[in-house]
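# Secondary and tertiary structure notes
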Amino acid sequence: MLRKYSNHRTYLDNLKLGTLSAFSAGMVNVLSVIIFFAFTSNITGHYAILAQEISKGNWIQAAVVFLWILIFFTGSMFSNLLIIHGNSYVGRYLAHAIPIIIETICILIVGVYLQFFYTETLYETELLVTLLLFAMGLQNGLTASISNGSVKTTHLTGLTTDLAITLSMLTKEQFRNDIKVREKGKLLFSIMIAYMLGAIISGILYYEIKYYTFYIVCLTLCIVMSYDYYKLNITKYLFKGAYLLKKINSKDEEDQ
């Protein structure tokens, strides 16, 4: 899911990454809306709020919202910087995994703080929303960068537009026969469903287990991180087994 980059990625690579990361983004966004009354998986609404606060002359609140937008931007930029420059130093897999690791830590900090320290002050709320926005910026920057823009999982505005365009294309036979167009439609629809499922499940779980829901989000992200590591180890084991078997066969032939 994470070790391949850009055009080297297959449809299945993007599908697995897209659905799992969209599922976690849906969970995070609903939790932030329920707890903080703020969206954190996208910043479209924050631009509108920023304009509103500036027009009212509420400069302190405008500065906070501007900071939220900047934090999301920073998270996305940081992910791409790691992908571009980190490959030479830590390898492609780790360069791609580090943004998910940092995202998981941010979400874990929010969950732990809410469970043990949260007193519902405005300062705490703004700080925790900042952490979640940074986490979502990291995720969106990562998925968009390594998939060459094919996978964007933290917001559905552009995805809904792209899905509508793809569906309209499928009304013509030449596009229905194009496997890339069909795969794009399936990918976009799967991401949308995964996001919605994550949001619904998160809402249900929150009213049952409260802040423990954040730990389930972290678990989902751990699956994304560990999948390629597990797959690489299995591949190494298979290659090692094949090499040993070939060596044994060669030795038997020499003995004969």
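The preceding data block contains the structure.
All of the points below concern the structure found in this document. (Residues numbered from 1 in each chain as written. Predicted model: local features only at pLDDT ≥ 70, side-chain atom pairs only at ≥ 80, totals over all residues. Heavy atoms only, no water.)

### Looking at the packing of aromatic side chains
Here is the rule we go by: Ring geometry is summarised as follows: Phe, Tyr and Trp rings, the Trp one being its six-membered ring, pair when their centres sit within 6.5 Å, and such pairs are stacked at plane angles under 30 degrees, edge-to-face over 60 and tilted between the two.
Evaluated as defined, the whole model comprises six aromatic pairs. Ring pairs connect the aromatic residues Tyr113, Phe116 and Phe117, which therefore count as one cluster.

### A few points about the packing of helix α1 (residues 11-36) against helix α6 (residues 122-146)
To keep it simple, the criterion reads: Each axis is a line fitted through C-alpha atoms, and for a helix only the stretch in contact is used; angles between axes span 0 to 180 degrees, taken between their N-to-C directions. Numbering goes from the N terminus for both helices and strands, where a helix is a DSSP run of H or I of at least four residues and a strand is a run of E of at least two. In this scheme, roughly parallel covers angles under 35 degrees and roughly antiparallel covers those over 145, while 65 to 115 is roughly perpendicular and the rest are oblique. Should the near helix be turned counterclockwise from the far one by less than a right angle, the crossing is left-handed, whereas a clockwise turn marks it as right-handed. Two residues form a contact once any of their heavy atoms are found within 4.5 Å. Think of it as three bins: nonpolar holds Ala, Val, Leu, Ile, Met, Phe, Trp, Tyr, Cys and Pro, charged holds Asp, Glu, Lys and Arg, and polar takes everything else, Gly as well.
Between α1 and α6, whose axes approach to 11 Å, the crossing angle comes to 165 degrees. On the basis of the axis angle, α1 is roughly antiparallel to α6. Between α1 and α6 the crossing geometry is left-handed. Residues Leu17, Ser21, Ala22, Ser24, Ala25, Val28, Ser32 and Phe36 of α1 form the contact with α6, whose participating residues are Thr125, Leu128, Val129, Leu132, Met136, Gln139, Thr143 and Ile146. Of the residues in the contact of α1 with α6, the class split is ten nonpolar, six polar and no charged.

### Quick look at the nonpolar core
Note the cut-off: Here, nonpolar core means buried Ala, Val, Leu, Ile, Met, Phe, Trp, Tyr and Cys residues that are tied together by side-chain atoms lying within 4.5 Å of each other. Classification of residues uses two cut-offs on accessible area relative to the type maximum, computed with a 1.4 Å probe and protein chains only: under 20% is buried, over 50% is exposed, and between them is partly exposed.
Counting 54 residues, the largest nonpolar core has Phe36, Ile107, Leu114 and Phe214 as the members making the most contacts within it. Counting only elements with at least two residues in this core, the list comes to α1, α3 (59-85), α5 (92-116), α6, α7 (157-169), α9 (179-209) and α10 (213-255). If we ignore the near neighbours within four places in the chain, the residues touching Leu114 are Ile35, Phe36, Leu128, Tyr211 and Phe214.

### A closer look at the state of the cysteines
Stated formally: Cysteine sulfur atoms that come within 2.5 Å of each other are treated as a disulfide pair.
Taken as a whole and assessed by the stated rule, the structure comprises zero disulfides. Free cysteine: Cys106, not disulfide-bonded; nearest cysteine sulfur from Cys218 at 9.8 Å. Judged by its relative accessible area of 7%, Cys106 is buried. Unpaired in this structure, Cys222 has its nearest cysteine sulfur neighbour in Cys218, at a distance of 6.7 Å. The partly exposed category is assigned to Cys222, whose relative accessible area is 33%.

### Here we look at a nonpolar patch on the surface
Counted only if it meets this: Only residues whose relative accessible area exceeds 30% and that form no salt bridge enter a patch; like-charged residues are grouped when within 9 Å of one another, and nonpolar side chains (Val, Leu, Ile, Met, Phe, Trp, Tyr) when within 5 Å. Every accessible area reported is derived by Shrake-Rupley at a probe size of 1.4 Å, with residue values counting cover from the shown protein chains alone. Basic side-chain nitrogens of Lys or Arg form a salt bridge, by our definition, when they fall within 4 Å of a carboxyl oxygen of Asp or Glu.
There is a patch of nonpolar side chains on the surface, built from Phe66, Leu67, Leu70, Phe73, Met77 and Leu81 and spanning about 570 Å² of accessible area. Locating Met77 in the fold gives a position in helix α3. The exposure class assigned to Met77 is partly exposed, which follows from its relative accessible area of 45%.

### Remarks on α7
Which entries qualify depends on this criterion: One less than the number of residues in a helix, times 1.5 Å, gives the span that helix is expected to have. Think of the arc as the fan of directions from the helix axis to the C-beta atoms.
The end-to-end C-alpha separation of α7 is 19 Å, in line with the 18 Å expected for 13 residues at 1.5 Å each. Turning to α7, its buried residues are Leu159, Leu163 and Thr166. Projected onto a plane normal to the axis of α7, the buried residues spread over an arc of 65 degrees and lie on a single side. Its buried side turned inward, α7 meets α9.

Any link to function would need more than the numbers given here.
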